[in-house]
Amino acid sequence: MKIINKLEEWIGGVLFILIFLILLAQIVSRQFFDSPLSWSEELARLLFVYVGMLGISIGIRNQQHVFIDFVTNWLPDSIKRVTNTLVQLLIFVCLIGFIHFGLKLVFKAENELFSLGISEKWLYITLPIIACLMLVRFFQAQYDNFKNNTTYLPATFFIILMAIALAILYFSPDTYKLLRLSNYAKLGSNAVYVTLIFWLVIMFIGTPVGWSLMISTLLYFSMTRWNLSQYAAEKLVSSLDSFTLLSVPFFILTGILMNTGGITERIFSFARTLLGHYRGGMGHVNIGASLIFSGMSGSALADAGGLGQLEIKAMRDAGYDDDICGGITAASCIIGPLVPPSIAMIIYGVISNQSIAKLFIAGFVPGVLVTAALMAMNYFVAKKRGYPRSPKATLLERCDAFKKAIWAVLTPVIIIGGIFSGIFTPTEAAVIAAFYSIVIGMFVYRELTLVKLFQSCVEAMAITGVTVLMVMTVTFFGDMIAREQVAMKIANFFVSVADSPIMVLVMINLLLLFLGMFIDALALQFLVLPMLIPIAMHFGIDLIFFGVMTTLNMMIGILTPPMGMALFVVARVGNMPVSTVAKGVLPFLVPIFVTLVLITIFPQIITFIPNLLMP
C-alpha cells in the first residue's frame, strides 16, 4: 500500500530525472559534437506531459491546488462543510470529464509524433490513465475529509457515483444526451454570461481555480453545442506539449536545490558583508540577497520561503521589529519575477507568443529600480526607528564570503549569458542552472545527497502540477472565450471609455491591482492576460513592456490581503501573525507603486535595452 501511495512520486521523479538527462544530452550533443539529437525535444515534451499530470495527482491527494479562501474563511463551520462538499462534487465531475475526453482523444488519434515515429496516442493516453490515478487520490482525500468532518459525503459515495457516471457515458448514450442543458433551454449568446457568473461563484466558494475553469467550460458546452467540446478538449493535452513550458519545472528545481544545497546561506552571508554596516543594514542585506537569489530561481515564493527564514532570524538578532522583518522579506521577494530568469515572464511569453529572451532583458531595469526603491524606504524606516548598524566587515571577511559564494553568484551569469549569447534556449538554460546547482551542492558545498536530489525533483514536480493544471484548464476555458469573442467585447468597452494608450494602461493597472487583492498571481496571469493582451495590441502597446508592467502589478497582488500569498509564506517561515507581516509591508508598497507609475508613464525605461540589443 505504501508503494501505491508513493506511485506518483516514484514514477514522476524518475521521469523528471529522465527529462533532465535527455535535455542535458541534447545540449552536449549540439554544443560539443555539432550533432543535434532530432528526437530529444519531442521526447522531453512527451515525458513532461506525464510528469505534469502526475504533479496534478499529487496536488489532489494533498489538496494543494490554488484556491481563493477569503470568503469561506468568514463562513461558519456548518456552511463550510456544505460548500466544501459542493466543491468536491465539482472536482469529481472534472475528473470524469478528463477520463471521458481522454478516451475520445485516444480513439480518434491517427497521426504520428514526427521525430519519434510513434502514434499520437502515446501523447493523449496520459489524460485518461493519469486521470484514473487522480480519481484514486481523490477518493483518498475524500476519506480524510469525511474523517475530519469537513464534508458530508464519504469516499464510498463518490465511488458509487463514478460507476453510475461511467455507465451513463458508455453504456447508455441516450441517457447521456439527457444531461445536455441545451435540450431544455436555448440561451444562445447569453450562455457565456451565465457561465462566467457560475465560474465566479464557484471560484469564490473555494473551488480550486484550475478546476473552476474546467467545470465552467463543461457547463458552457452543455448549454450550447456539446459536440464542439471534443475539439476544444484537444487543448487539454496539446497545451502542455510546449518546449518553452519545460523551463518552468527546472527553474523551480533550481530554486529548491539552492535551498537544499546550502547555497542560500552563502548568498546571504556575502550580502551581509557588503551591506550590513549601512543604516538599516540588515534590511539592505535582505533586499540584496533577494536580488542575487532572483537571478537563479525566478520565483517570488521560492525567495520568500527559501531565504525568508534566514533573513528574518538575522534581522531579529540585530534588533529589528517583527513587522519590519516580515514586511521587508515579503516586499523584496517580488524582485524574483522581474529579474531574469523569471517564471512569470516565461508563462507570459507562452501566453503572448513573445520572445522569452527579450522579456528577460526587459525585466532587468525594473528589477533594479524596485531594489533601489525598497532600499531607500528601508533607510528611512531604519533611521526613524533608530535601528543599530552592524559592524563593518573587514576586507578579509568580504573576500572570504565572496570566495564561499562565488559559485552561487556565477549562476545568473551563466543563465543570462547563455541565453543572450544564443548558446542555449531559455529551457536549456533552466536545465543548465539545475545541473550547475547539483554540481555546486554535491561536489563544492557537499550538502546535497542523491536522496535529497530525488526529493527535490518530486517537490518540483508537485509545484509544477499546480501550473500544469492551470495551463490545461485555462486553455480549455480560452476556447469558450475565443468562440464568444469575450476579449473583443472587453476591448470595445475599453475603446468606448479610454481615448489613449496611457488611459488604457491606467485602467488595466487599476483592474489588476483590484483583482490581485482576491486572486492568486498565477491564477490572475492565466485568467486575465489572454483577454487583456488583445486590448494592448489594439492600442499599439508594446507587448514586451506590457508583460513587465503586468508582472510587477500582479506581484503587488501577492503583498496585498486578503489573498497575498507572500504574506502567508513569510508569516509561516517567520512564525509570526499574517497581520504583523501585512502591517510591516505597507510602507514598502509605496516605492513599489511609485516604480509601477514610473514605468507606466515612461515605457521606454523597459523597452530601451531590449530594442537596442534585440531590434
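Residues numbered from 1 in each chain as written. Predicted model: local features only at pLDDT ≥ 70, side-chain atom pairs only at ≥ 80, totals over all residues. Heavy atoms only, no water.

Along its 24 residues, helix H28 (residues 578–601) runs 33 Å from first to last C-alpha, staying within 8% of the 34 Å computed at 1.5 Å per residue. The sharpest bend along H28 reaches about 40 degrees and sits at Pro587. (Helix = DSSP H or I, 4+ residues; strand = E, 2+ residues; numbered from the N terminus. Expected span 1.5 Å × (residues − 1). Bend = angle between axes of the 7 residues up to and from the residue.)

Another point: the nonpolar core. Judged by nonpolar contacts, the single largest core of 213 residues is most densely connected at Phe98, Phe250, Leu527 and Phe546. Examining the composition of this core, we find that 18 residues originate from one element, helix H22 (residues 450–483), more than from any other. Both domains that furnish three or more residues to this core are identified here as domain 1 (67–240) and domain 2 (245–485 + 562–587). The contact partners of Phe98, leaving out residues within four places of it in the chain, are Leu127, Pro128, Ala131, Met134, Trp211, Met214, Leu236, Leu469 and Met472. (Core = buried A, V, L, I, M, F, W, Y, C linked by side-chain atoms within 4.5 Å. Buried < 20%, exposed > 50% of the residue type's maximum accessible area, 1.4 Å probe, protein only. Domains from an automatic or database assignment. Contact = heavy atoms within 4.5 Å.)

Here we take up the domain arrangement of the protein chain. Accessible area lost upon the coming together of the parts is a frequently used measure of interface size. Looking at the protein chain, the domain boundaries give domain 1 (67–240) and domain 2 (245–485 + 562–587). Taking only C-alpha atoms, the centre of domain 1 and the centre of domain 2 are 35 Å apart. Domain 1 puts 29 residues into the contact, and the matching count from domain 2 is 17 residues. The junction of domain 1 with domain 2 conceals about 2,100 Å² of combined surface from both sides, 79% of it contributed by carbon and sulfur atoms. If you look at where domain 1 meets domain 2, you find 1 salt bridge. At the surface where domain 1 touches domain 2, the tally comes to 3 residue pairs in polar contact (both at pLDDT 80 or more). For the side of domain 1 that touches domain 2, the secondary structure elements donating two or more residues are helix H4 (77–108), helix H9 (191–204), helix H10 (209–223) and helix H11 (228–238). (Buried area = accessible area lost by both parts, 1.4 Å probe. Salt bridge = Lys/Arg side-chain N within 4 Å of Asp/Glu carboxyl O. Polar contact = N/O pair within 3.5 Å; in protein donor to acceptor, adjacent residues only side chain to side chain.)

Tracing the backbone through its elements, the reader meets Leu469 in helix H22. Distance in space between the C-alpha atoms of Leu469 and Val365 is 32 Å, their sequence separation being 104 residues. Dropping the residues within four chain positions of it, Leu469 is found in contact with Ile56, His65, Phe98, Gly210 and Trp211.

Mapping His284 onto the fold places it in helix H14 (residues 281–297). A residue is classified by how much of its surface remains accessible, and His284, at 7% relative accessible area, is buried. A distance of 2.9 Å separates the side chain of His284 from the backbone oxygen of Arg279, its partner in a polar contact. What His284 contacts, discounting residues up to four positions off in sequence, is Leu275, Tyr278, Arg279, Met375, Asn378 and Tyr379.

Contact pair helix H23 (residues 486–497) / helix H24 (residues 501–516): the axes reach a minimum separation of 10 Å and the direction vectors enclose 120 degrees. On the basis of the axis angle, H23 is oblique to H24. Note that H23 runs across H24; the crossing there is right-handed. Contact with H23, carried on its side by Phe493, Phe494 and Val497, involves Val504, Met507 and Ile508 of H24 and no other residues of that element. Taken together, the residues of the contact of H23 with H24 break down into 6 nonpolar, no polar and no charged. (Axes fitted to C-alpha atoms, helices over the stretch in contact; angles between N-to-C directions. Parallel < 35°, antiparallel > 145°, perpendicular 65-115°, else oblique. Left-handed = near helix turned anticlockwise from the far one by under 90°. Nonpolar A, V, L, I, M, F, W, Y, C, P; charged D, E, K, R; others polar.)

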